[in-house]
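# Structural features, examined
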Amino acid sequence: MKSPKPNLLFLMTDQMQAAVLRPGHPCRTPNFDRLAARGVRFERAYTPNAVCSPARASLMTGLLPHNHGVMEVTHVVDDDQCRLRSEHPHWAQRLEADGYRTGYFGKWHVERSGDLAQYGWRVNGAAGGDLYAEAARRAGAVDARQQVEPPLFRFDGPPGYARSVFYGVTPSPVSQRPLGITTALAETFLRENSGAESPWCCFVSVSEPHDPFLTGREALEMYDIPNLELPANTDDDLAGRPNLYRKAGAAWRGMTRRQKQEAAACYYASISEIDAAFGRLLDFLEQRGDLENTVVVLTSDHGELLGAH
């Protein structure tokens with residue numbers, strides 16, 4: 001007998017701009033469109049902080065950063081700026097107390113400990129944990145940044161820093177990248193819990209499409225790079241603006257229009273790969289008859305301006 005309580009499938013991307021989900025946008029997301037068509041699109045939902053960890057901690061606690069305590073990304077020097085205050089419960093703890101089977105898979109980046117059990121997650125498939133490491137080993141995981149093909153752009157770092165890939169094509173299949181490993185773990189969790197008497201909550205958090213914008217060639221070939229439109233203010237040199245703004249725009253300043261179009265295409269193609277991977281999870285639930293009793297949430301921690309402002 002299936003649980004009368006609804007299941008929860010939480011799909012989370014990293015640094016995905018809201019504009020890609022709007023009708024008419026060139027980014028191809030048929031599965032996300034399918035979700036929007038049968039659900040609700042929140043077009044005025046804003047991130048509480050445009051920095052990863054504070055935004056993620058707010059999502060988990062329902063609090064603003066100055067209340068939950070995570071003020072910076074979790075790799076900053078000051079531990080006090082990236083530690084969740086224990087008096088504020090995570091919503092997965094409430095679900096667990098209500099009888100839900102909970103599983104978290106992929107990028108965590110909420111706080112430093114990596115001890116997800118204390119926050120209500122019974123199955124810890126977060127990147128960096130043992131379950132994820134074993135799945136990565138079985139999949140033959142690769143670092144896609146180590147083998148990148150054109151179109152390709154690298155930043156020249158300041159003295160003492162290595163050149164870093166910003167966008168490009170990877171020959172590695174999705175199954176060997178974080179996207180594939182994370183969604184495979186999530187699918188295993190769904191197979192084990194779908195149709196059970198106890199309700200479940202499955203959180204799928206991928207590291208894509210965060211830069212470097214790496215994608216497979218098949219996904220990239222869906223995009224007509226020379227004809228991709230760029231925002232009107234892409235070439236703004238930010239003269240007379242605060243130094244902080246000019247610093248934020250420096251990464252794109254030396255790029256040609258074609259390179260900016262290639263970057264956008266790789267970014268959109270990465271999102272199309274995410275769409276396909278998440279679509280497989282939705283298809284699985286539909287085939288098992290569980291989709292009608294599952295609340296599906298798609299969101300991101302914050303956006304990406306792609307060289308505009």
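Structure: see above.
These remarks concern the structure in this document.

Quick look at the overall build of the chain now. In terms of helices and strands, the chain carries nine helices and eight strands. Each of the three principal axes of the chain carries a C-alpha extent, and together these read 60 × 45 × 40 Å. Relative to its 309 residues, the chain shows a buried fraction of 46%. Contacts in the chain between residues at least 24 apart in sequence constitute 72% of all its contacts with a sequence separation of at least 6. Positive and negative side-chain charges in the chain, numbering 33 and 38 respectively, have mean positions lying 1 Å apart.

Take the packing of helix H6 (residues 178-193) against helix H9 (residues 257-287) next. The contact between H6 and H9 brings their axes to 10 Å, and the two run at 10°. With respect to each other, H6 and H9 are oriented roughly parallel. In this structure, H6 contributes Leu179, Thr183, Ala186, Glu187, Leu190 and Arg191 to the contact, and H9 contributes Glu273, Ile274, Ala277, Phe278, Leu281, Phe284 and Leu285. Classifying every residue of the contact of H6 with H9 by side-chain character gives nine nonpolar, one polar and three charged.

So, about the environment of Asp156. Along the chain, the position of Asp156 falls in the loop between strand S4 (149-155) and strand S5 (164-169). Separated by 133 residues in sequence, Asp156 and Pro23 place their C-alpha atoms 37 Å apart.

Right, let's talk about the nonpolar core for a bit. Counting residues in each nonpolar core, the largest one holds 51 residues, and the members touching the most others are Cys202, Phe213 and Tyr268. When contributions to this core are tallied by element, the ones reaching two or more residues are strand S1 (7-13), helix H1 (30-38), helix H5 (130-139), S5, H6, strand S6 (200-205), helix H7 (217-220) and H9. Top contributing element to this core by residue count: H9, with 15 residues. For Tyr268, the contacting residues outside a window of four places in its chain are Val20, His25, Pro26, Cys27, Tyr223, Leu228 and Leu306. By size, the runner-up hydrophobic cluster in this structure holds 20 residues, among which are Ala57, Trp91, Tyr100 and Cys201.

Our focus in this paragraph is the packing of aromatic side chains. In the structure shown here, the tally under the stated rule is 20 aromatic pairs. For the pair Trp91 and Trp121, a centre-to-centre distance of 5.6 Å together with 80° between the ring planes defines the contact as edge-to-face. Of this pair, Trp91 sits in helix H4 (residues 91-97) while Trp121 is found in the loop between strand S2 (101-106) and strand S3 (123-126), placing the two residues 30 residues apart along the sequence. Among the aromatic residues, those joined into a ring-pair cluster are Phe153, Phe155, Phe166, Tyr167, Phe213, Tyr223, Trp252, Tyr267 and Tyr268.

By the definition in use, this model includes 18 salt bridges. As a salt-bridge pair, Asp14 and Arg56 come within 3.4 Å of each other at their nearest N and O atoms. Of this pair, Asp14 sits in the loop between S1 and H1 while Arg56 sits in helix H2 (residues 52-61); the two residues are 42 residues apart in sequence, bridging distant segments of the chain. Using a relative accessible area of 1% as the deciding quantity, one classes Arg56 as buried. Close ionic contact of Lys107 with Asp14 constitutes a salt bridge, the shortest N to O distance being 2.4 Å. In this pair, Lys107 is assigned in the loop between S2 and S3 and Asp14 in the loop between S1 and H1, connecting sequence segments 93 residues apart. Salt bridges here are not isolated pairs; linked through shared partners, they connect Asp14, Arg56, Lys107 and Asp301.

With that settled, consider the sheet that holds S5. Ordered in space as S4-S5-S7, the three strands form an open sheet in which the pairing is mixed. Pairing within the sheet leaves two strands with one partner each, and these edge strands are S4 and strand S7 (213-215). Neighbour-to-neighbour, the strand axes of this sheet turn through a mean angle of 25°, independent of strand direction. Looking at chain direction, S5 and S7 are connected through three bridges and run parallel. Bridge pairing links Tyr167 to Phe213 in S7. Sitting on the sheet, H9 touches S4, S5 and S7, and the angle it makes with S7 is about 60°.

Take H1 next. Along H1, the positions that sit buried rather than exposed are Asn31, Phe32 and Leu35. When H1 is viewed along its axis, its buried side chains cluster within an angular range of 105° and face the same direction. Opposite the packed face of H1, turned more than 90 degrees from it, sit the exposed residues Pro30 and Ala37. Elements that come into contact with the buried residues of H1 comprise S1, H9 and strand S8 (294-300).

In terms of residue burial, S6 counts as a mostly covered element, since six of its six residues are buried. In this sheet, S6 lies alongside S1 in parallel orientation, the contact comprising five bridges. Bridged to Leu11 within S6 is Val204. Summarising the sheet, S2 and S6 pair through six bridges and their orientation is parallel. Its bridge partner lying in S6, Tyr104 is registered against Phe203.

Calculation rules
- Sequence order as written defines the numbering, with residues in each chain counted from 1.
- For this predicted model, a pLDDT threshold of at least 70 governs which residues receive local features, and a threshold of 80 or more governs which side-chain atom pairs are given and counted, while totals over whole chains, interfaces and linings are taken from all residues.
- Derived side-chain values reflect all non-hydrogen atoms in the structure, with water molecules and hydrogen atoms excluded from consideration.
- Only DSSP runs of H or I covering at least 4 residues are called helices, and only runs of E covering at least 2 are called strands; the numbering of each starts at the N terminus.
- Think of it in three bands: with a 1.4 Å probe and only protein chains considered, a residue is buried below 20% of the maximum accessible area for its type, exposed above 50%, and partly exposed in between.
- Any two residues whose heavy atoms approach within 4.5 Å at even a single point are treated as in contact.
- The positive count covers Lys and Arg only, the negative count covers Asp and Glu only, and His and the chain ends enter neither.
- To locate a charge, take NZ of a lysine, CZ of an arginine, CG of an aspartate or CD of a glutamate.
- Angles shown run from 0 to 180 degrees and are taken between the N-to-C directions of axes, each axis being a line fitted to C-alpha atoms and, for helices, limited to the stretch in contact.
- Roughly parallel refers to an angle under 35 degrees, roughly antiparallel to one over 145, roughly perpendicular to one between 65 and 115, and oblique to any angle outside these ranges.
- Each residue receives one of three labels: charged for Asp, Glu, Lys and Arg, nonpolar for Ala, Val, Leu, Ile, Met, Phe, Trp, Tyr, Cys and Pro, and polar for the others, Gly being one of them.
- Only buried residues count toward a nonpolar core. Its members are Ala, Val, Leu, Ile, Met, Phe, Trp, Tyr and Cys residues joined through side-chain atoms within 4.5 Å.
- Only Phe, Tyr and Trp rings are paired, with Trp represented by its six-membered ring, and only when their centres lie within 6.5 Å; those with planes under 30 degrees apart are stacked, over 60 edge-to-face, the remainder tilted.
- For salt bridges, the criterion is a side-chain nitrogen of Lys or Arg within 4 Å of an Asp or Glu carboxyl oxygen.
- Two strands form a pair only when DSSP identifies at least two bridges running between them.
- Throughout, the arc means that of the directions going from the helix axis to the C-beta atoms.

Fair warning: the whole summary comes from geometry, so function is off the table for now.
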